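Coordinate inspection notes
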Amino acid sequence: MKGDFRHTIAAHKRGVKELYTVSHRLFPVIALGAVVSALFPYVSVFFSARILSELAGAHRADVLWQWVIGGVSVIGLFSLANAFLGQRQETLIDDVWGRKEILYCRKMFSMDYADIDRQEIHDLRAQITQIENWAGWGFGRIPYAFEKTIRSLAGILGGIALTVSLFTSSVPEDAGALTILNNPLFLLLFAAVLIGVSLLAGKFYVKSENYLNGLSEEATFGNRLFSYFGYLGFKKERSADIRIYDQQRIIRAYCKESPFGANGSFGKLAKGPMGVYAGLGAGISLLITGFVYAFTCLKAWGGAFDVGSITQYVGAATAMGGNVYALLQVYGEMRTNTGYMERIFTYLDLPNAMYQGSLTTEKRSDRQYEVEFRDVSFRYPASENWALRHVSMKFQIGKRLAIVGGEWQRQDHLYQAALPPLRPAGGADSPERHRHPQIQLPGLHGHLLRRIPGLPAAFSASGKQRRGQHDL
């Protein structure tokens with residue numbers, strides 16, 4: 001269990017980091033919105049309790065007005081902040097749904113063409129897409145899991161802050177049998193019951209969510225049926241055939257096989273064990289409210305606090321119990337989502353067979369290396385004018401290359417680009433000669449570059465720049 005917990009948290013932590021690289025504002029907004037949303041119910045409960053206490057107690061008009069004005073102002077500000085942050089959060093979540101594709105594009109562009117064309121790579125990418133289209137599993141669940149986790153934790157802390165006095169307030173000694181509520185052992189037992197009920201409710205929900213793990217392939221099939229037959233009626237060229245040949249029967253037959261129907265896989269599980277466990281989890285969590293009501297009313301009956309405090313303790317304890325259940329609920333969703341995240345990480349962590357970096361060509365064991373320029377621009381030292389712009393070319397070591405063209409100056413620049421004094425000022429060349437001066441490619445001129453007879457001279461360099469000309 002401990003290993004599963006750590007693995008689940010690690011998978012979603014990495015998911016947050018990956019999405020943060022494409023959307024820096026998403027998670028700060030989610031975190032702030034989750035805290036505001038979690039504390040908003042407690043703010044309402046606190047001011048309502050203070051107003052009721054004053055009404056049931058001293059009836060001081062000036063104090064009552066202060067609580068009313070303060071409550072309306074603070075609750076109004078929280079409402080505005082909650083609405084603004086909620087709308088902003090939904091906007092950024094919709095935006096990151098498209099931005100996450102950048103992660104897959106970066107991986108694809110970094111891979112060798114031979115790897116991209118492998119069927120197993122295509123299949124893995126297709127599985128990720130199908131999982132996302134099914135129920136938003138994978139990266140689609142990360143923002144919501146993050147929001148629910150922060151909101152639940154903030155709600156639990158807020159509930160503890162407002163209910164701690166429920167356990168510390170003592171019933172007067174003349175309350176008779178109710179003084180047992182002051183016993184530390186009774187308080188520990190009561191707290192243990194609340195925690196146990198919350199954990200049991202969460203356990204049932206996790207059990208219910210686990211049934212979804214084995215339905216991925218059926219859900220993908222159901223999505224395929226829906227995406228095809230669900231939009232078939234909008235195709236005018238097919239509508240006549242459907243009516244003439246009564247093809248609705250075929251559509252109905254396929255739709256009956258959909259796993260999302262009442263008699264499909266999802267429907268049977270929803271009416272069976274998955275629905276039972278989910279119902280037990282939701283029902284048992286309501287016991288927390290009943291226990292807190294009984295405990296609070298008994299203490300108030302014994303004279304531990306006034307009627308306003310009853311409102312505060314019952315409201316805060318109920319909200320805290322709901323947040324404990326929500327935290328266990330989101331953990332169950334995260335456990336289910338971990339399996340789908342592993343497929344995504346398998347794709348993102350595919351080994352890259354395309355060689356790049358500072359390794360010298362003499363150390364290559366396969367001896368099948370090449371020189372490549374990718375959108376490189378060149379200019380001479382101390383010059384602001386570009387000699388060559390956007391050069392892209394590739395050639396293998398040991399093979400000959402002919403440079404043909406009418407502008408011999410450009411040919412000469414290209415020749416000098418492979419050797420000093422030209423150095424790339426933009427783009428990338430491989431091997432990275434400008435970083436590693438030991439890779440000077442001294443044999444380029446003698447083995448790769450030649451002038452073809454009958455055409456203008458490929459290179460026109462003077463003095464020390466010319467390193468000899470050779471004819472075929």
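Basis of the calculations
Residue numbers restart at each chain and count upward from 1, following the sequence in its written direction. Per-residue local features of the predicted model are confined to residues with pLDDT of at least 70, and side-chain atom pairs are confined, for both listing and counting, to 80 or more; whole-chain, interface and lining totals are unaffected and use all residues. Side-chain figures throughout are based on the complete set of non-hydrogen atoms in the structure, without hydrogens or water. Helix and strand definitions here come from DSSP, where helices need a minimum of 4 consecutive H or I residues and strands a minimum of 2 consecutive E residues; each element is numbered from the N-terminal end. Here, residues are in contact when the closest pair of their heavy atoms is within 4.5 Å. Only the protein chains shown count as covering a residue, and every accessible area follows the Shrake-Rupley method with a 1.4 Å probe. A fitted line through C-alpha atoms represents every axis, and for helices the fit uses only the stretch in contact; the resulting angles, taken between N-to-C directions, go from 0 to 180 degrees. Should an angle fall under 35 degrees it is called roughly parallel, over 145 degrees roughly antiparallel, and 65 to 115 degrees roughly perpendicular, with every other angle called oblique. Crossing handedness is defined as follows: a turn of the near helix away from the far one that is anticlockwise and smaller than a right angle gives a left-handed crossing, while the clockwise case is right-handed. Charged residues are taken to be Asp, Glu, Lys and Arg, nonpolar residues to be Ala, Val, Leu, Ile, Met, Phe, Trp, Tyr, Cys and Pro, and polar residues to be all remaining types, Gly included. Among buried residues, the Ala, Val, Leu, Ile, Met, Phe, Trp, Tyr and Cys ones that are joined through side-chain atoms within 4.5 Å form a nonpolar core. Each residue is assigned to one of three classes by its accessible area relative to the maximum for its type, calculated with a 1.4 Å probe on protein chains only: buried under 20%, partly exposed between the two thresholds, exposed over 50%. A pair of Phe, Tyr and Trp rings is counted when the ring centres sit within 6.5 Å of each other, with Trp represented by its six-membered ring. The angle between the planes then sorts it: under 30 degrees is stacked, over 60 is edge-to-face, the rest tilted. Charge over a ring is defined by NZ of Lys or CZ of Arg lying within 6 Å of the ring centre and within 35 degrees of the ring normal. Residues adjacent in sequence count toward polar contacts only when both atoms are side-chain atoms; beyond that, a polar contact is any pair of N or O atoms within 3.5 Å, and within protein one must be able to donate a hydrogen and the other to accept it. Each reported salt bridge corresponds to a side-chain nitrogen of Lys or Arg within 4 Å of a carboxyl oxygen of Asp or Glu. Surface patches are defined over residues having more than 30% relative accessible area and no salt bridge, joining like charges when they lie within 9 Å and nonpolar side chains (Val, Leu, Ile, Met, Phe, Trp, Tyr) when within 5 Å.

In terms of helices and strands, the protein carries 16 helices and five strands. Residue pairs at least 24 apart in sequence account for 76% of intrachain contacts in the protein once pairs closer than 6 positions are excluded. Of the roughly 26400 Å² of accessible surface on the protein, 61% is carried by carbon and sulfur atoms.

Two elements in contact, helix H2 (residues 26–56) and helix H14 (residues 307–348), have axes separated by 6 Å at closest approach and are oriented at 165 degrees. As the angle between them shows, H2 and H14 are arranged roughly antiparallel. Helix-helix and strand crossings are classified by hand; for H2 and H14 the assignment is right-handed. From H2, Tyr 42, Val 45, Phe 46, Ala 49, Arg 50, Leu 52, Ser 53 and Ala 56 reach across to H14, where they touch Val 307, Gly 308, Ser 309, Thr 311, Gln 312, Gly 315, Ala 316, Ala 319, Met 320 and Asn 323. Grouping the constituent residues of the contact of H2 with H14 by class yields 10 nonpolar, seven polar and one charged.

A few words now on the nonpolar core. Core analysis: the largest hydrophobic core is formed by 25 residues, its most contacted members being Leu 19, Leu 26, Tyr 104, Phe 139, Ile 344, Tyr 347 and Leu 348. Elements represented by at least two residues in this core include exactly helix H1 (2–20), H2, helix H3 (61–99), helix H4 (101–110), helix H6 (119–135) and H14. Sorting elements by how many residues they give to this core places H14 first, with five residues. Counting residues in each nonpolar core, the second largest holds 21 residues, with Leu 187, Phe 204, Ala 304 and Ala 317 among its members.

Moving on, we get to the packing of aromatic side chains. Within the structure shown, the criterion is met by 13 aromatic pairs. Aromatic side chains Phe 5 and Tyr 331 sit 5.7 Å apart centroid to centroid with 45 degrees between the ring planes, which places their arrangement in the tilted category. Taken together, the positions of Phe 5 in helix H1 and Tyr 331 in helix H14 put the pair 326 residues apart, joining distant regions of the chain. Here Tyr 331 falls in the buried class, since its relative accessible area comes to 11%. Relative to Tyr 347, the ring of Tyr 104 lies with its centre 6.0 Å away and its plane at 70 degrees, an arrangement referred to as edge-to-face. Here Tyr 347 lies in helix H14 and Tyr 104 lies in helix H4, a separation of 243 residues in the sequence. In this structure, Tyr 104 and Tyr 347 share a single accessibility class: buried. Grouping aromatic residues by their ring pairs yields a cluster made of Phe 167, Phe 186, Phe 190 and Phe 295. The ring of Phe 345 carries Arg 14 above its face, with NZ or CZ at 4.2 Å from the centroid.

So, about the side chain of Asn 323. Along the chain, Asn 323 turns up in helix H14. At a separation of 3.3 Å, a polar atom in the side chain of Asn 323 contacts the side chain of Tyr 42.

With that settled, the discussion passes to the pattern of salt bridges. Tallying each qualifying case throughout the model produces 10 salt bridges. Between Asp 349 and Arg 14 there is a salt bridge; the shortest N-O distance is 2.8 Å. Here the residue Asp 349 occupies a position in the loop between H14 and strand S1 (370–379), and Arg 14 occupies one in helix H1, the gap between them amounting to 335 residues. By relative accessible area, Asp 349 is classed as partly exposed at 43%. On the basis of relative accessibility, which here comes to 26%, the residue Arg 14 falls in the partly exposed class.

Once that is clear, we can look at a nonpolar patch on the surface. Taken together, the side chains of Leu 189, Val 193, Leu 287 and Phe 291 define a hydrophobic patch exposed on the protein surface, amounting to about 330 Å² of accessible area. Checked against the element boundaries, Leu 287 lands in helix H13 (residues 273–301). With relative accessibility at 42%, the residue Leu 287 sits in the partly exposed group.

The next subject is the side chain of Glu 54. As for its position among the elements, Glu 54 is in helix H2. Accessibility expressed as a relative area gives 7% for Glu 54, which makes it buried. Polar side-chain contacts of Glu 54 include one of 3.0 Å to the backbone nitrogen of Arg 60. Not counting residues up to four positions away in its chain, the partners in contact with Glu 54 are His 59, Arg 60, Val 63 and Leu 64.

Now for the environment of Ala 38. With respect to the helices and strands, the residue Ala 38 is situated in helix H2. Among the residues examined, Ala 38 registers a relative accessible area of 5% and is labelled buried. For the pair Ala 38 and Gly 155, spaced 117 residues apart in sequence, the C-alpha separation works out to 4.9 Å. Setting aside residues up to four positions removed in sequence, Ala 38 forms contacts with Arg 151, Ala 154 and Gly 155.

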